[in-house]
Amino acid sequence: MTGTMTPPNGPVLLCLLPFWSPLAPPLGIAILKGHLQDRGFHAEIEDFNSDPELWSTLSSYVDILRRSIPEVYHSNLFDFAYDVIHNHIMAHIHHTDQRAYEELVGVLVQTSFVVPPARSAVLELINCVEHFLDQLVSKVLEAIEQHAPTCLGVSTYTTTLGATLAALRAVRAAYPHIRTVLGGGVFADHLAPGSQNFDAIARATEPYLDAIVVGEGELIFERLLSGTLPPARVHSSAEIDRKVVDLNNPAIPDFGGLDLSVYPQMATYVGRSCPFQCSFCSETVQWGKYRSKQADFFISELAYLTSRYGGKAFLLTDSLINPVADQVFRATARASTDLYFDAYLRADPEVCDAARVSRWRDGGFYRARLGVESGSSDVLSAMNKQTGPSQIRTAIRTLANSGIKTTTYWVIGHPRETEEDFQASLAIIEDCADDIYEAEAHTFYYFPRGQVSSKKWAHDFGVVDLYGEKYAHMLVARTWQLNQSPSRAEMLDRMSRFTTFCRQRGIPNPYSLAEIEQADTRWNASHPAAGPALVELHNLYHPPTRAAAP
């Protein structure tokens, strides 16, 4: 069924599969739905990532891991559990040898948590994944029966890839007439075109996946559905003269049909891509040149979304709000939107300007997800972050003094990070502990294509398969690491020490709503300018008037 599609005579069903952190409703497929609906297509959404039964299976999986690993690694359990389970699902749907499969599950756990699990734990994990996939396939096929689509479009990330492929295979087996299309952020890094992983996935999915959309999807998907693209299985902006969406007149996200009360925040965006070139990032690869909406359009979009769906808190999904923060928060203050905004931020000089940051707070900026990454000048320079430790400290304190929650993100194990570099990160946490709302660290991830420095790192250090060549046929999309310091063992040790260090200083990394409420109580007690706790802003208390189309 590859090649040019004929225009659909039934609805297009857009989906997101588990597991992706449920901070806000799935904006990507909501934008696609809005775009297609504006152009006369009938589009529907199914958000399987918010299904409580599927998440309860993940909780069971995590509980098995918790019982199987040393307590010292429990604090990083959820971070690494995503890595383990998505690779486990990939192995489950592709394995042909049960003994090798069981062996690989043990390797997946040991690679993330140092100690190999007992065989009994491996079998428990396998049973858990079998149960999850049975549930997932049943729910997906039920949705197909309900909507009767002629085309199924799925957006995927690395951590949702296994569930996505399982769902696509099941749909093809049960409904072979339905066209299947795959897109999403995974094609910016883990499955970047031209990479070994992309080629492997393209081959493995040929029996059940008709088309792959790479990059910004609205215009390409519209043309694909209209049957006006040249015959091919992989489609990108090269086929439409590199055209991109005009953000002065974009489609408004359409969340109709979703249960928005399960998400703490709503979602929208101001800009796409990023004006910076950090070494480990793939934003510019995915989106191209940075561009943004006009402030007046953004305000009118907020008015529409809140009147239709309700909500008081918005996650702005921009890679960074810095380029437009002044104009956006000036506009929201002038419009008296009475909304609260959560956005990603760099510790640039403007973030150290107390008067400016105070104006942002007046415009509703209440949580900054600050990409600190490291406290080491050498590592920050290698990352091309264009900042330094002193500026980072000032930025954190300036935000906190204005009442803006400071979630800080850290990268552990950037190429050639030394123990001294790592200690420099801990020093910033020590100095700014009272002004850090949350500290979230991740080990450094390497992708052979997609990151700004992918090719340079491969040339300088060489790469190896993290889980081993012998398991490549089961994982299909392989995980690579650079053959350099710090080693995997050193990264895991630093992650454990980082989390322990933060916990000892009272700095949380909350996951559940109960943990978030505790974190907000701590923060609000010492920051009088802080806004309401998230539990007070949760969509549960500001439900949409109606999720379906008016």
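Turning our attention to helix α19 (residues 513-526). End to end, α19 covers 20 Å across 14 residues, agreeing with the expected 20 Å (1.5 Å per residue, within 8%). Listed in full, the buried residues belonging to α19 are Ile516, Ala519, Asp520 and Trp523. What you see down the axis of α19 is that its buried residues fit within an arc of 100°, all on one side. Opposite the packed face of α19, turned more than 90 degrees from it, sit the exposed residues Gln518, Thr521 and Ala525. Check the buried side of α19 and you find it contacts α14 (389-401), β13 (405-412) and α20 (534-537).

With that settled, consider the confidence of the model for the protein. The predicted model of the protein averages 91 in pLDDT, with 94% of residues at 70 or higher. Ignoring residues within four places in sequence, the model shows residues 546-550, a span with pLDDT below 50, making 13 contacts including any to other chains.

This part is about the pairing of strand β11 (residues 340-345). Of all the six residues making up β11, five are buried; the element is thus mostly covered by neighbouring parts of the structure. Between the parallel elements strand β10 (residues 313-316) and β11, the chain passes through helix α11 (residues 325-334) in a crossover that is right-handed. In this region the chain leaves β11, passes through helix α12 (residues 354-362) and returns to the parallel neighbour strand β12 (residues 365-373); the handedness of that crossover is right-handed.

Turning our attention to the pattern of salt bridges. Counting across every chain of the model gives 30 salt bridges. Lys139 is the salt-bridge partner of Glu53, the closest N and O atoms lying 2.8 Å from each other. Note that Glu53 is positioned in helix α2 (residues 52-68) and Lys139 in helix α5 (residues 119-147), a separation of 86 residues in sequence. As a salt-bridge pair, Glu216 and Arg272 come within 2.8 Å of each other at their nearest N and O atoms. Taken together, the positions of Glu216 in the loop between β5 (211-213) and α8 (218-226) and Arg272 in strand β8 (residues 271-272) put the pair 56 residues apart, joining distant regions of the chain. Comparing Glu216 with Arg272, the two get one shared label, buried. Sharing partners across several salt bridges, the network here consists of Glu417, Glu419, Asp493, Arg494 and Arg497.

The next point concerns α14. Taking 1.5 Å per residue as the helical rise, α14 with its 13 residues ought to reach 18 Å, and the 18 Å between its terminal C-alpha atoms agrees with that figure. When we look at burial in α14, the residues that qualify are Pro389, Ile392, Arg393, Ala395, Ile396, Thr398, Leu399 and Ala400. Backbone geometry just after α14 places Gly403 at a positive phi near 90°.

The next thing to look at is the sheet that holds strand β4 (residues 179-183). In a beta sheet, neighbouring strands are held together by backbone hydrogen bonds and run either parallel or antiparallel to one another. If you trace the six strands from one edge of the open sheet to the other, you get β2-β1-β3-β4-β5-β6, paired in parallel fashion. Only two strands of the sheet have a single neighbouring strand rather than two, namely β2 (43-47) and β6 (234-235). Across five bridges, strand β1 (residues 12-16) lies against strand β3 (residues 151-155) in parallel orientation. Within β3, the residue paired with Cys15 across the bridge is Val154. Sheet strands touched by helix α1 (residues 27-38): β1, β2 and β3. Its angle to β2, the strand with the most contacts, is close to 170°.

One pair of aromatic rings is described through two measures. These are the centre distance and the angle between the planes. Inspection of the entire model under this criterion finds 18 aromatic pairs. Pairing Phe298 with Phe341 gives two aromatic rings, centres 6.4 Å apart and planes at 45°, and the pair type is tilted. Of this pair, Phe298 sits in helix α10 (residues 295-309) while Phe341 is found in strand β11, placing the two residues 43 residues apart along the sequence. With relative accessibility at 0%, the residue Phe341 sits in the buried group. Look at Phe314 and Phe341: their rings are 6.4 Å apart centre to centre, the planes differ by 35°, and that puts the pair in the tilted class. One end of the pair, Phe314, is in strand β10; the other, Phe341, is in strand β11, with 27 residues separating them in the sequence. This pair shows no difference in class: Phe314 is buried, exactly as Phe341 is.

Let's shift gears to the sheet that holds β13. Taken together, six strands build an open sheet; the order of strands is β7-β10-β11-β12-β13-β14 and the sheet is parallel. Of all the strands in the sheet, just β7 (266-268) and β14 (438-443) have a single pairing partner and so form its edges. Strand-to-strand twist of the sheet, defined as the mean angle between neighbouring strand axes without regard to direction, takes the value 20°. As defined by bridge partners, β7 adjoins β10 across three bridges and the pair is classed as parallel. Counterpart to Thr268 in the pairing with β10 is Leu316.

Attention now moves to the nonpolar core. Side chains of nonpolar character tend, in soluble globular proteins, to be buried together. With 153 residues, the main nonpolar core has Phe221, Ile321 and Phe498 as its most contacted residues. With eleven residues, the top contributor of residues to this core is α5. Each residue touching Ile321, except ones within four places of it in the same chain, is listed here: Val270, Leu316, Phe329, Ala343, Tyr344, Leu345 and Phe365. Residues Tyr340, Ala400, Ile516 and Ala519 belong to the second largest nonpolar core, which totals eleven residues.

Calculation criteria
- Residues numbered from 1 in each chain as written.
- Predicted model: local features only at pLDDT ≥ 70, side-chain atom pairs only at ≥ 80, totals over all residues.
- Heavy atoms only, no water.
- Helix = DSSP H or I, 4+ residues; strand = E, 2+ residues; numbered from the N terminus.
- Expected span 1.5 Å × (residues − 1).
- Buried < 20%, exposed > 50% of the residue type's maximum accessible area, 1.4 Å probe, protein only.
- Arc of directions from axis to C-beta.
- Contact = heavy atoms within 4.5 Å.
- pLDDT = per-residue confidence, 0-100.
- Right-handed = clockwise from strand over helix to strand, strands pointing away.
- Salt bridge = Lys/Arg side-chain N within 4 Å of Asp/Glu carboxyl O.
- Pairing = 2+ DSSP bridges.
- Axes fitted to C-alpha atoms, helices over the stretch in contact; angles between N-to-C directions.
- Phe/Tyr/Trp six-rings, centres within 6.5 Å; stacked < 30°, edge-to-face > 60°.
- Core = buried A, V, L, I, M, F, W, Y, C linked by side-chain atoms within 4.5 Å.

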